[in-house]
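Reading the structure
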Amino acid sequence: MELVTGNIGWIEIVCGPMFSGKSEELIRRLRRARIARKRVQVFKPALDNRYAHDEIVSHGDQRLPSEVVNGAQEILQKLDWRTQVVGVDESNFFGPDLVDIASQLADSGKQVLIAGLDTDYLGRPFTPMPELLCLAESITKTLAICMRCGNPAKHTQRLVDSNDLIVVGATGMYEARCRRCFEPGIPKQELMDFAKPQRNSM
Ligand code: ADP
Ligand code: ZN
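Here is a short report on the structure shown in this document. If you're wondering where the values come from, they're calculated on a predicted model, not measured in any experiment.

Here the focus is the packing of aromatic side chains. Under the definition given, this model contains 0 aromatic pairs. Over the face of the ring belonging to Tyr 121 we find Arg 158, whose NZ or CZ atom lies 3.8 Å from the ring centre.

Below is the structure:
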């Protein structure tokens, strides 16, 4: 009897705030895939023009060659059919299209590794991560160090004044914050419907 060893595809996610080591972890996994002699292709969005054009770069300056795409659809166009492992960094720049593309790739036998932010600058779930997490076989959540207090940080604090969902930037424009130190623009208390004492009733 012949052993059936066809390629099984899957989706692996690394998510968390900025500076939490997502790119480092993605690079580590992709390097290991190369050591295992798998054919690897890595994609990053053209919007992410922070460091190098043709590499994914971590904040600790680890680097891995990558191809630039203008959207999730372009990943399919640039994919060599022999590729076994597909890496995608900065999922949050791709928007909802990445969900279908990742599923199609996994269904066709590719191992899909995706890294990206899970929450935005206001602490809200960041498309397309919520759906990707539901569809994935494996999920890793990375935490950074809070720049205020040193505790584990799950938030990306925006330090510049903008209400745009995507503002490309790194150190100086963003920092990691824990739940307690995170300030999403509007004071949290004002979002809650707490009873407020009348000024002249005290
Ligand atoms: P991400 O992809 O999640 O933004 P990177 O992999 O690019 O993260 O960078 C992680 C590296 O960033 C760490 O190994 C560390 O050297 C550096 N770093 C800078 N600020 C912080 C922080 N606040 N918490 C943890 N690591 C930080
Ligand atoms: Zn803190």
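We are not done yet, so read on.
Not every one of the 14 residues close to ligand 1 is listed here, only the nearest: Phe 19, Lys 22, Ser 23, Glu 24 and His 59. Contact between ligand 1 and Ser 23: an oxygen atom at 2.9 Å from a main-chain N or O atom of the residue. Within the backbone of Ile 145, one N or O atom sits 2.9 Å away from a nitrogen atom of ligand 1. For ligand 1, whose unbound accessible area comes to 580 Å², protein coverage reaches 76%. At the level of elements, helix H1 (22-35) and strand S9 (144-145) are the ones that each hand at least two residues to the shell around ligand 1. For the shell around ligand 1, the element with the most residues is H1, which contributes 3 residues.

Once that is clear, we can look at the environment of Arg 180. Position of Arg 180 relative to the elements: it lies in the loop between strand S12 (174-177) and helix H5 (188-191). When its relative accessible area of 64% is taken as the criterion, Arg 180 is described as exposed. Each C-alpha atom of the pair Arg 180 and Ala 153 lies 9.2 Å from the other, and the pair is 27 residues apart in sequence. The contact partners of Arg 180, leaving out residues within four places of it in the chain, are Cys 149 and Asn 151.

Attention shifts here to the pairing of strand S11 (residues 155-158). The two faces of S11 match: His 155 and Gln 157 on one face and Thr 156 and Arg 158 on the other face are all buried. Summarising the sheet, S11 and S12 pair through 4 bridges and their orientation is antiparallel. By the bridge assignment for S12, Gln 157 is matched with Glu 175.

Here we take up the pattern of salt bridges. Within this structure, the stated rule accounts for 12 salt bridges. Two residues, Arg 28 and Glu 25, come together in a salt bridge whose shortest N-O distance is 3.0 Å. Of this pair, Arg 28 and Glu 25 are both found in helix H1, 3 residues apart, which corresponds to roughly one turn of the helix. Owing to a relative accessible area of 16%, Glu 25 belongs among the buried residues under this scheme. The shortest N-O distance in the salt bridge between Lys 141 and Asp 118 comes to 2.9 Å.

Attention now goes to the coordination of the zinc ion (ligand 2). Within the protein, Cys 146 (SG), Cys 149 (SG), Cys 178 (SG) and Cys 181 (SG) serve as the donor atoms for the zinc ion (ligand 2), at 2.3 to 2.4 Å. Ordering the donors of the zinc ion (ligand 2) by residue number gives the pattern C-x2-C-x28-C-x2-C. Separated by 32 residues along the polypeptide, Cys 149 in the loop between S9 and strand S10 (152-153) and Cys 181 in the loop between S12 and H5 bring together distant segments of the chain. On the accessibility criterion, Cys 149 (34% relative accessible area) is partly exposed. Under the relative-accessibility criterion, Cys 181 is labelled buried at 14%.

Turning to the side chain of Ser 103, a few remarks are in order. Secondary-structure assignment places Ser 103 in helix H3 (residues 97-107). The contacts of Ser 103, once residues within four sequence positions are left out, are Ile 11 and Leu 135.

Residues Ile 11, Ile 13, Ile 75, Leu 98, Ile 114 and Leu 132 are the most contacted members of the largest nonpolar core, which totals 22 residues. When residues of this core are traced back to their parent elements, those giving at least two are strand S1 (10-16), helix H2 (72-78), strand S6 (85-88), H3, strand S7 (111-117) and helix H4 (129-135). Top element by residues in this core is H3. It accounts for 6 residues. By size, the runner-up hydrophobic cluster in this structure holds 12 residues, among which are Leu 26, Leu 30, Ile 56 and Leu 64.

Quick notes on the rules
- Residues numbered from 1 in each chain as written.
- Chains lettered and ligands numbered in written order.
- Predicted model: local features only at pLDDT ≥ 70, side-chain atom pairs only at ≥ 80, totals over all residues.
- Heavy atoms only, no water.
- Phe/Tyr/Trp six-rings, centres within 6.5 Å; stacked < 30°, edge-to-face > 60°.
- Lys NZ or Arg CZ within 6 Å of the ring centre and 35° of its normal.
- Near = heavy atom within 4 Å.
- Polar contact = N/O pair within 3.5 Å; in protein donor to acceptor, adjacent residues only side chain to side chain.
- Areas by Shrake-Rupley, 256 points an atom, 1.4 Å probe, with all protein chains shown as cover.
- Helix = DSSP H or I, 4+ residues; strand = E, 2+ residues; numbered from the N terminus.
- Buried < 20%, exposed > 50% of the residue type's maximum accessible area, 1.4 Å probe, protein only.
- Contact = heavy atoms within 4.5 Å.
- Pairing = 2+ DSSP bridges.
- Salt bridge = Lys/Arg side-chain N within 4 Å of Asp/Glu carboxyl O.
- Donors = N, O, S within 2.8 Å, 3.2 Å for Na, K, Ca; no water.
- Core = buried A, V, L, I, M, F, W, Y, C linked by side-chain atoms within 4.5 Å.

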